[in-house]
Amino acid sequence: MEIETRDESEPIAPSHAAAVKVRGVIKSFGRGDAKVTVLRGIDLDVRLGELLLLVGESGGGKTTLLSAIAGILEIDEGELDILGVPLHALSGARKTRFRGETMGFVFQQFNLLPALTAAENVAVPLLIAGTSRADALQRAQAMLTRVGLGDRTEFLPANLSGGQQQRVAIARALVAEPRLLICDEPTAALDGENGQKVMAILRDVGRAPDRAVIVVTHDSRVFHYGDRIAELTDGRIVGIRAAPTAPLHPLGMTGVRGLPEAAGPEAQP
Amino acid sequence: MNYVALKMLFGDRAKYLMLLCGLSFAVMLIVQQGSIFWGLMIWSQSGISNLNVQIWVADPNISQVEEVKPVADTSVQRVRTVPGVEWAVPLFKGVVRARLTNGEYHRISLVGLDSATLIGRPALMHKGRIEDLRTPDAVVVDQWAVERMGGPDVIKVGTVFEINDKKARVVGIANIQKDFQNIPAVYSTFERAIIYAPPERRVLSYVLAKAKDGEPVEEVTRRIREQTGLGAFTQEEFGWKTIQWVLKNTGIGINFGTTIVLGFIVGMAIAGQTFYLFTVENLKQFGALKAMGTSTFTLARMIILQAFTVGVIGYGVGIGLATLFGAVTASEGQLPFVETWPLLTLVFGSLLAICTFSATISIIKLAKVEPAIVFR
């Protein structure tokens, strides 16, 4: 596998400009006695050039927060500023268009279209944007080469391994050069080795100075691929810390406690 | 995105084939039943179309061509006096029994043509000449008579049989449209036919007439009605009158109509359900597309494209199968099978309705899909 990586002599330094500003976001589901508040006033900044890991227990609200940031879930209260655009104030159709223009997605279950080849799957965001099929496929093939799948462009998803499928999904998320990459448990359906490869690609290919990457994960073995780690528990951010520089022992830590506190106003619980 | 939609459709082979089968079956059923129905309707008025004359004059209470109500012998002259009538000739039509030399009896439809003009003669003669009807005891039989009365070895030019104990000699075999009642047709002259037929006070079954060139047929027909008090119809009017009688007085309309409606409902149910399942099973994929920025309108367009693509292919396959069925049955002459453009257009309209229904229920489901489904 050959993955095109960034020149290490030009390390990416996260800027202080926020790609994502989340302020006082509250989200509940259900009504009356059945009402459950999942997000209880979230404040969070994600900086350009940063790969932020969003961690926490199951049911803590990570996916809900991710959906809200992506603009595919309406929030009850609060403000969502994405790349300078007040997402919470946009209409449904404008949100959809904004997503298509600025965001890329990597899903836990890949969500590749089974009837399309790897290259065609990667080309989908470009086709949505109106790029011609020939151009879209050409760019898709180039992106697949960048994630190490240049020799698998004509393979159907069913003929690819889980790790390869997730790399196709990452290529799909990146092909339209989005400024915000949203990844929901990208390693959850993969074994340890493939999980590491996928995170390496997200760090080396996905991260860019003008782009922010948010990754929801449970997997402490990949924490060192992030720049910062935000922990979400019971609908609240309970800590934001710098990511470890080396891999954590798989059995030694399941959370982020014990890591040093990260600087910044959003670090407050 | 049309490319993606079509790849999604053809990529799920099992669902695609099921959809295609459902739609093809519905189209085949509707076209097959519709064509047989229309063929039967054509057969029902073949007693009119085989004679191919402009105006039919009959008893004013007549309801269909086979229900002969003889009129007064003077009717021919009365029709001839109506302004705009170029000519008018008598016609005998009745069902009698024929006895072959081997002792077999057969019911035949006896048609007596005006001996001077032979107006109403069969358009095509398979063997012999129609003019030979003017020779003594001469009759011309149709090709179905040959088939029904014992085959070409029994009924051929020169064969002699009896009609009401009177000699009849076959001088020709005609090619005509099969009769609805499937009774062999035997042509004779008017004068000879009333000798063959059992004695009745009135023997003139119909008066056949033609409007003068330049005179509107409908207008001349109206004048005949007003001036003679008889029933007068154009060929088309009398044909439709006969078809309406058949629809009203037989179960054909209800039987075929029920099958056609069932074909429509079954096709709609299979296609609707399969297409809905297709959408539901691809819901996460559609959700992913929505999350990636595809508008609901574009997704709806993709669904419509998928539904109508499989619909058009199913239409072609269904028409092909029905036509094949028709070619086989028509070649054997067992069933009338007439595919018409109006029927094919109607079936296409029905298919569009099925596809629209299928697409609509899928679009409704899709419109409710939260793109957040992709994160679950």
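Residues numbered from 1 in each chain as written. Chains lettered and ligands numbered in written order. Predicted model: local features only at pLDDT ≥ 70, side-chain atom pairs only at ≥ 80, totals over all residues.

Topic: the domain arrangement of chain B
Operational definition: Domain segmentation is taken from an automatic or database assignment of domains.
Domain annotation for chain B reports domain 1 (2-43 + 251-375) and domain 2 (72-229). One C-alpha centre belongs to domain 1 of chain B, the other to domain 2 of chain B, and the line joining them spans 48 Å.

Description of the interface of chain B and chain A
Interface size is often expressed as the accessible area that is lost when the parts come together. Put simply, the rule is: Here the contact rule is simple: place C-beta atoms from the backbone, and any two residues whose C-beta atoms are within 7 Å are in contact. Secondary structure counts use DSSP, requiring at least four H or I residues in a row for a helix and at least two E residues in a row for a strand, with both numbered from the N terminus. Amino acids outside the nonpolar list (Ala, Val, Leu, Ile, Met, Phe, Trp, Tyr, Cys, Pro) and the charged list (Asp, Glu, Lys, Arg) are all regarded as polar, and Gly is one of them.
Facing 20 residues of chain B, the contacting portion of chain A comprises 26 residues. Among the secondary structure elements, those contributing two or more residues to the side of chain B that touches chain A are helix 1 (2-11) and helix 10 (283-291) of chain B. With five residues, helix 1 of chain B is the single largest residue contributor to the side of chain B that touches chain A. By residue class, the composition of the side of chain B that touches chain A is 11 nonpolar, five polar and four charged.

Overview of the sheet that holds strand 2 (residues 36-47) of chain A
Residues and elements named next belong to chain A. Cut-off, in case you're wondering: The pairing criterion for strands is at least two bridges between them, as found by DSSP.
Spatially, the four strands line up as an open sheet ordered 2-1-4-5, and their pairing is antiparallel. In this open sheet, the two strands that pair with only one neighbour each are strand 2 and strand 5 (85-86). Pairing of strand 1 (residues 18-29) with strand 4 (residues 77-82), which is carried by five bridges, proceeds in the antiparallel orientation. Its bridge partner being in strand 4, Lys21 is matched across the sheet by Asp81.

As for the environment of Phe357 of chain B
All names here are of chain B. On the secondary structure map, Phe357 appears in helix 12 (residues 341-367). Residues Phe357 and Phe275, spaced 82 residues apart in sequence, show a C-alpha to C-alpha distance of 9.9 Å. Aside from chain neighbours lying at most four places away, what touches Phe357 is Met268 and Gly272.

A few points about the sheet that holds strand 7 (residues 180-184) of chain A
All names here are of chain A. Rules: Axis definition: a line fitted to C-alpha atoms, over the contacting stretch in the case of helices. Angles run 0 to 180 degrees between N-to-C directions.
The strand order across the open sheet formed by six strands is 6-7-8-3-9-10, and the pairing between neighbours is mixed. Both edges of this open sheet fall to strand 6 (103-106) and strand 10 (236-242), since each of them pairs with a single strand only. The sheet shows a mean angle of 20° between the axes of neighbouring strands, taken without regard to direction. Looking at chain direction, strand 7 and strand 8 (residues 212-216) are connected through five bridges and run parallel. Bridged to Leu181 within strand 8 is Val213. Those strands touched by helix 6 (residues 192-206) are strand 3 (51-55), strand 7 and strand 8, and its axis lies near 165° from that of strand 8.

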